[in-house]
Amino acid sequence: MLLKPNENVLPLEGSPAARGIGHTGRHIGAILMDEGKLTASDAEQVLARQRELGWRFGEAAIELNLITDADLRQALAKQYEFPYLVSGPDGVAKELIAAWDPFHPVVEELRGVRTQLLIRWYNPEAGRRTLVVASASAREGRSFVAANLAVVFSQLGHRTLLMDADFRAPRQQSIFNIPDRFGLSSALSGRADLSAAAPVTGLTGLAVMPAGPTPPNPLELLSRGSFAALLGRAQAEYDVIIVDTPPVNEYADAHTIAYRAGDALLVSRKDRTRLEDTERAVRELSDATARIVGTLVNAY
Ligand SMILES: Nc1ncnc2c1ncn2[C@@H]1O[C@H](COP(=O)(O)OP(=O)(O)OP(=O)(O)O)[C@@H](O)[C@H]1O
Ligand SMILES: [Mg+2]
């Protein structure tokens, strides 16, 4: 994944990604012992091996078969104060990689994207806290980027709302494994409010509003004043709001959403999205008076 550098775009490749990570200062060995993963004598053994090989403590412990790779990643997550989830049938989907594998290279890149967005876009005082994740065509990674970006924003301590405004192919409910009996559609039709956003267990500061029951009239629903009003209330309650959307070139929904939200991040898929489609999406979003704060080239 990379952000394509040009005048209208955030550079990512080679950018100082993920430099904003806080460290608790606790030794990884102490964390592993507190977790019951290592005994004191195991730790002694690891320290000896570490001296011998000149490796890091965690790597030496793995080499001695005392801990697994997953143990180390979990301990590192603690060390860096990353909220961390266990994925599995009851947990979030594997593709919510920022939640369960915070040191994966893709997540490092997403933190780089977050840094760029914080520098170049985010400005709550000026009303710039709502970001629409848009793309020209289907299957370019909007839902993936929106979900994982929301996680990395929340990991910075920002109160973050991820709103699924894709009534055409809603996915956030399955990525986060949350019920979608109530969601954005319920809020827009007056059957729920911001309370349709559920906090994500284990990810402090993150709430997800699923799309909710699929409405017969998505565009009409999004064009209502109630959408603007809901965004306004969300903006009063959250520091960052990330909005997932349907493809710009297939439906007019994203234009309406971006018009209300103001700012959009345009995702394109490397070696797939045609330049003319991206150009058309840029034109259409700009016509809807949205500011395109960057283009993210999703390579997967
Ligand atoms: N950078 C990535 N790394 C790994 N997998 C990815 C990446 N981006 C997207 N994917 C995967 O590709 C698939 C399609 O992505 P996603 O659903 O996010 O696309 P979309 O643009 O939201 O599609 P739709 O048009 O259906 O809404 C998903 O399974 C997602 O997990
Ligand atoms: Mg999607």
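This structure is a prediction, so every number in the text was calculated from the model and none was measured. (Residues numbered from 1 in each chain as written. Chains lettered and ligands numbered in written order. Predicted model: local features only at pLDDT ≥ 70, side-chain atom pairs only at ≥ 80, totals over all residues.)

Explain the domain arrangement of the chain to me, please; I cannot follow it from the model alone.
For the chain, the assigned domains read domain 1 (2-18 + 89-298) and domain 2 (28-79). Each of domain 1 and domain 2 has a C-alpha centre, and these two points are 38 Å apart. (Domains from an automatic or database assignment.)

Can you help me understand helix α2 (residues 40-53) in this one?
Residues that lie three or four places apart on an α-helix share one face, since the helix turns once every 3.6 residues. With 14 residues, α2 extends 20 Å between its outermost C-alpha atoms, agreeing within 8% with the 20 Å of an ideal straight helix rising 1.5 Å per residue. Across the 14 residues that make up α2, only a small minority, 1, are buried. Downstream of α2 by a residue or two, Gly54 has a phi angle that is positive, lying close to 70 degrees. (Helix = DSSP H or I, 4+ residues; strand = E, 2+ residues; numbered from the N terminus. Expected span 1.5 Å × (residues − 1). Buried ≥ 20, exposed ≤ 12 C-beta atoms within 10 Å, placed from the backbone.)

Help me understand the packing of helix α6 (residues 105-120) against helix α7 (residues 142-155), please; the structure alone is not making it clear to me.
Each packed pair of helices is defined by two parameters, the angle between the axes and the distance between the axes. Where α6 meets α7, the closest approach of the two axes is 10 Å, and the angle between their N-to-C directions is 70 degrees. Between α6 and α7, the angle is such that the two are roughly perpendicular. Facing α6, whose interface residues are Leu110, Arg111, Val113 and Arg114, α7 presents Asn148, Leu149, Val152 and Phe153. Looking at side-chain class alone, the contact of α6 with α7 contains 5 nonpolar, 1 polar and 2 charged residues. (Axes fitted to C-alpha atoms, helices over the stretch in contact; angles between N-to-C directions. Parallel < 35°, antiparallel > 145°, perpendicular 65-115°, else oblique. Contact = placed C-beta atoms within 7 Å. Nonpolar A, V, L, I, M, F, W, Y, C, P; charged D, E, K, R; others polar.)

What am I meant to see in the pairing of strand β6 (residues 240-244) here?
Of all 5 residues in β6, 5 are buried, a share of seventy percent or more. The alternating pattern of β6 places Val240, Ile242 and Asp244 and Ile241 and Val243 on opposite faces, both of which are buried. In this sheet, β6 lies alongside strand β2 (residues 130-135) in parallel orientation, the contact comprising 4 bridges. In the strand pairing of β6, Val133 is matched with Asp244. (Pairing = 2+ DSSP bridges.)

Sorry, what's going on with the site of ligand 1 here?
If you check the shell around ligand 1, you find 17 residues, and the closest are Ala138, Gly141, Ser143, Phe144 and Tyr300. It is α7 that provides the largest number of residues to the shell around ligand 1, a total of 3 residues. (Near = placed C-beta within 6 Å.)

In this structure, what is going on with the nonpolar core? I would like to understand it.
In globular proteins that are soluble, nonpolar side chains generally tend to be buried together. Of all hydrophobic cores here, the largest spans 70 residues; its most connected members are Leu96, Val132, Val133, Ala134, Ile242 and Val243. No other element matches the 9 residues that α7 contributes to this core. Leaving out residues up to four positions away in the same chain, Leu96 has contacts with Ala147, Asn148, Val151, Ile175 and Phe176. Among the nonpolar cores identified, the runner-up in size contains 10 residues, and Leu32, Ala60, Ile67 and Leu72 belong to it. (Core = buried A, V, L, I, M, F, W, Y, C linked by C-beta atoms within 7 Å.)

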